[in-house]
Amino acid sequence: HLLGDNSLTGADNEQLTYSCGISSDIAVNLKILNEGHLTAKGGSAWYSAGILAQDLLTIYNGSVIDAIGGEASSNSFGITVVDDLIIEGTGIVNAIGGKAELWSEGIESEYGDITIDTKGSVNCVGETGGYGLGSNVATSNKRLIIKSGNVTIRGITRAVQTGGDS
């Protein structure tokens, strides 16, 4: 549970494999309850993410979350999860993929659904690299579900790529 202004930044070292502002390296459910301004930024590395979760990630946001991927020699994500991602609350979530050689994505779920059900807003931006995806659901039977909220998704190559229904 986060109150007030909080900033978490991963290390800048291009010899690192991963650099993340917030990282759950083991398969546990991660829940972020935010009532302040949270900035989670990945540093420069081979793979960079503002927020990385190896399992379910639930974000309940009452204020502002800025999740920003750093410069990466492969992939950069604002928010990336292996399983499901659920965004709820009344605040603003800004998920921005940084400069990357391959993938730059605002929000990505490798094997789960992305569900947005908020009274606030969600802004997903894939900035640079070979693919600039705002939101990606990589597996064929998974979905991007927008139930409510003001959602903006922008990518250079395409805004949304899903393997399943959306």
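Keep in mind it's a predicted model, so treat the numbers as computed, not measured.

Draft legend 1. Up close: the pairing of strand E5 (residues 45-53). With eight of its nine residues buried, E5 lies for the most part within the structure. Sheet topology note: the E5/strand E8 (residues 72-81) ladder contains seven bridges and is parallel. Across the sheet, residue isoleucine 51 finds its bridge partner in E8, namely isoleucine 79.

Draft legend 2. Representation of the pattern of salt bridges within the structure. A full pass over the atoms with the stated rule returns two salt bridges. Between aspartate 113 and arginine 143 there is a salt bridge, with its nearest N and O atoms 3.1 Å apart. With aspartate 113 in the loop between strand E11 (103-109) and strand E12 (114-126) and arginine 143 in the loop between strand E13 (131-137) and strand E14 (144-155), this residue pair connects regions lying 30 residues apart in the sequence. Given a relative accessible area of 14%, aspartate 113 falls into the buried group. With a relative accessible area of 36%, arginine 143 lands in the partly exposed category. One salt bridge in this structure joins arginine 154 and glutamate 127, with 3.7 Å as the shortest N-O distance. Linking arginine 154 in strand E14 with glutamate 127 in the loop between E12 and E13, this pair joins segments that are 27 residues apart in sequence. Overall, arginine 154 belongs to the partly exposed group, its relative accessible area being 47%.

Calculation rules
Residues numbered from 1 in each chain as written. Predicted model: local features only at pLDDT ≥ 70, side-chain atom pairs only at ≥ 80, totals over all residues. Heavy atoms only, no water. Buried < 20%, exposed > 50% of the residue type's maximum accessible area, 1.4 Å probe, protein only. Helix = DSSP H or I, 4+ residues; strand = E, 2+ residues; numbered from the N terminus. Pairing = 2+ DSSP bridges. Salt bridge = Lys/Arg side-chain N within 4 Å of Asp/Glu carboxyl O.

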